[in-house]
Amino acid sequence: MGIGILSTGSYLPKHEVGNEEVAERVGVTAEWIERKTQIRSRRYAAEHEATSDLAVKAAERALEQAGLGPEQIDHIIVSTSTGDFPQPPTSYLVQHGLGAYGAACFDVNVVCSGFVYALALAHSLVTVSPDARVLVIGADVYSRILDFTDRRTAILFADGAGAAVVGAVPDPYGIIATDLSSRGDAHHLIRVEAGGSRRPASAATVAEGGHYFKMDGRGVRDFVAEHVPPALLALTRRAGVDIGAVDHFVPHQANGVMLGEVVERTGLGAAQTHRTLIRYGNVGSASVPVALDEANRTGALKQGDLVLLAGFGGGMSIGATLLNWGIPS
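Residues numbered from 1 in each chain as written. Predicted model: local features only at pLDDT ≥ 70, side-chain atom pairs only at ≥ 80, totals over all residues. Heavy atoms only, no water.

Draft legend 1. Up close: helix H1 (residues 19-26). Turning to H1, its buried residues number three or more, namely Asn19, Val22, Ala23 and Val26. Projected onto a plane normal to the axis of H1, the buried residues spread over an arc of 100° and lie on a single side. Along H1, exposed side chains directed more than 90 degrees from the buried face belong to Glu20 and Glu24. After H1 finishes, the residue Gly27 shows a positive phi value of roughly 85°. (Buried < 20%, exposed > 50% of the residue type's maximum accessible area, 1.4 Å probe, protein only. Helix = DSSP H or I, 4+ residues; strand = E, 2+ residues; numbered from the N terminus. Arc of directions from axis to C-beta.)

Draft legend 2. Up close: the nonpolar core. In terms of nonpolar packing, the biggest core is built from 58 residues, with Val220, Val224, Leu232, Phe249, Leu268, Leu308 and Phe312 touching the most fellow members. Of all the secondary-structure elements, those providing two or more residues to this core are H1, helix H2 (30-37), strand E10 (213-215), helix H8 (217-238), helix H9 (256-266), helix H10 (277-280), strand E13 (306-313) and strand E14 (317-324). Tallying contributions element by element places H8 first for this core, with seven residues. Discounting chain neighbours no more than four positions away, the residues touching Phe312 are Cys112, Ser113, Val224, Val228, His252, Ala254, Met258, Leu259, Ser317 and Ile318. Tyr11, Leu54, Ala100 and Val169 belong to the second-largest nonpolar core, a separate cluster that totals 27 residues. (Core = buried A, V, L, I, M, F, W, Y, C linked by side-chain atoms within 4.5 Å. Contact = heavy atoms within 4.5 Å.)

Draft legend 3. Molecular detail of the packing of H8 against H9. Look at H8 against H9: their axes get within 9 Å of each other, and the N-to-C directions meet at 35°. In this structure, H8 crosses over H9, and the sense of that crossing is right-handed. Contact residues: Val220, Arg221, Val224, Ala225, Val228, Pro229, Leu232 and Leu233 in H8; Val257, Met258, Glu261, Val262, Arg265 and Thr266 in H9. (Axes fitted to C-alpha atoms, helices over the stretch in contact; angles between N-to-C directions. Left-handed = near helix turned anticlockwise from the far one by under 90°.)

Draft legend 4. The pairing of E13, seen in detail. In terms of residue burial, E13 counts as a mostly covered element, since eight of its eight residues are buried. Burial along E13 is two-sided: Leu306, Leu308, Ala310 and Phe312 and Val307, Leu309, Gly311 and Gly313, pointing in opposite directions, are all buried. Across four bridges, the pairing between strand E11 (residues 248-251) and E13 is parallel. Residue pairing across strands places Pro251 opposite Ala310, the latter belonging to E13. Across eight bridges, E13 lies against E14 in antiparallel orientation. The residue bridging Ala310 from the neighbouring strand is Ala320, located in E14. Counted between consecutive antiparallel strands, the loop separating E13 from E14 contains three residues, among which Gly315 sits at a positive phi close to 140°. (Pairing = 2+ DSSP bridges.)

Draft legend 5. Here's a closer look at the pairing of strand E7 (residues 159-169). Across the 11 residues that make up E7, a large majority, 10, are buried. Relative to E7, strand E1 (residues 2-11) runs antiparallel, the two sharing nine bridges. Within E7, the residue paired with Gly4 across the bridge is Gly167. Pairing between strand E6 (residues 134-141) and E7: eight bridges, direction antiparallel. Bridge pairing links Val141 to Asp159 in E7.

Draft legend 6. Spotlight on the sheet that holds strand E5 (residues 104-108). The mixed open sheet is built from five strands, whose spatial order is E1-E7-E6-E4-E5. This sheet does not close on itself; its edge strands, each paired only once, are E1 and E5. Between one strand axis and the next, the sheet turns through 20° on average, direction left out of account. Judged from the five bridges that link them, strand E4 (residues 75-79) and E5 form a sheet pairing that is parallel.

Draft legend 7. Inspection of the packing of H1 against H2 at higher detail. Viewed as axis vectors pointing N to C, H1 and H2 meet at an angle of 105°, and their least axial separation amounts to 8 Å. The angle between the axes of H1 and H2 places the two elements in the roughly perpendicular class. In this structure, H1 uses Asn19, Glu20, Val22 and Ala23 to contact H2, whose residues at the interface are Ala30, Ile33 and Glu34. In terms of residue class, the contact of H1 with H2 is built from four nonpolar, one polar and two charged. (Parallel < 35°, antiparallel > 145°, perpendicular 65-115°, else oblique. Nonpolar A, V, L, I, M, F, W, Y, C, P; charged D, E, K, R; others polar.)

Draft legend 8. Up close: the packing of aromatic side chains. On inspection of all chains with the given rule, the structure shows four aromatic pairs. Ring centres of Tyr44 and Phe148 lie 6.3 Å apart, and the angle between their planes is 65°; on these two criteria the pair is classed as edge-to-face. Residue Tyr44 is located in strand E3 (residues 41-44), and its partner Phe148 is located in the loop between E6 and helix H6 (151-154); the two are separated by 104 residues in the primary sequence. Just as Tyr44 is buried, Phe148 falls in that class too. (Phe/Tyr/Trp six-rings, centres within 6.5 Å; stacked < 30°, edge-to-face > 60°.)

Shown next as structure tokens:
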């Protein structure tokens, strides 16, 4: 048996926000946003919705597709950098929302690479316990930490959740290879400066905007251009797969222009690149599983297709997984 994805699910909030509304708030034009990012709209969570609420809904859809009840899940891993609270972990709130009280739960925070990192952890858990089923969720609510005077971030980020159930699948399907890498020397490129133990929340940190999400857009773009294509090429070489044989590329939905550059530099032009950012924006940890769920549910993914997942973001971090797609009937 191999280890792979048994089902997928996703949830996007109902409130749709077009470029015109964002452009007015940040002082640019709607045309400028689409030209710079290829994003046309995004979704924001309702006032009563937090990250765990989105995660529960995505998880429920993944469980339904797998034909599993919450009591049949052994582990829950939630990837988020916008958890409901500093503690308890968001995964425990998801467990409670699902009623999956037999599952061991934990969070990972690798920002936009988090879902791929969590997938690697799920693979390890099933390797140790072949009968285990792991619910892997990526969820973020970035609209709560955006500074709408900062056009570098406010035009990009949004809210959503995606999920997958991981378990044993028949050979030759499942995960072929995974590569994870971290570059702490670039930690300053993406950050929230206040609210932790180094700069605890105070009236001063709130007044100076220290709790807003900040990003060095040019620095991130340079990091991605330099490090992501070589990482993807190294992964496929190690797996003994020519990059031209990849059927589907499911990347982190960072920026449409940036994705085009990654595809070109990596030689993935023959693959179908799945893009959900046009409608949903950059949903952080959720972007890879949301795009994967859409590809799965629209029937784009066929048994035996080679699927390359790639996350990259804060830390800085890169995570990539190559799968032989095959969901058991």
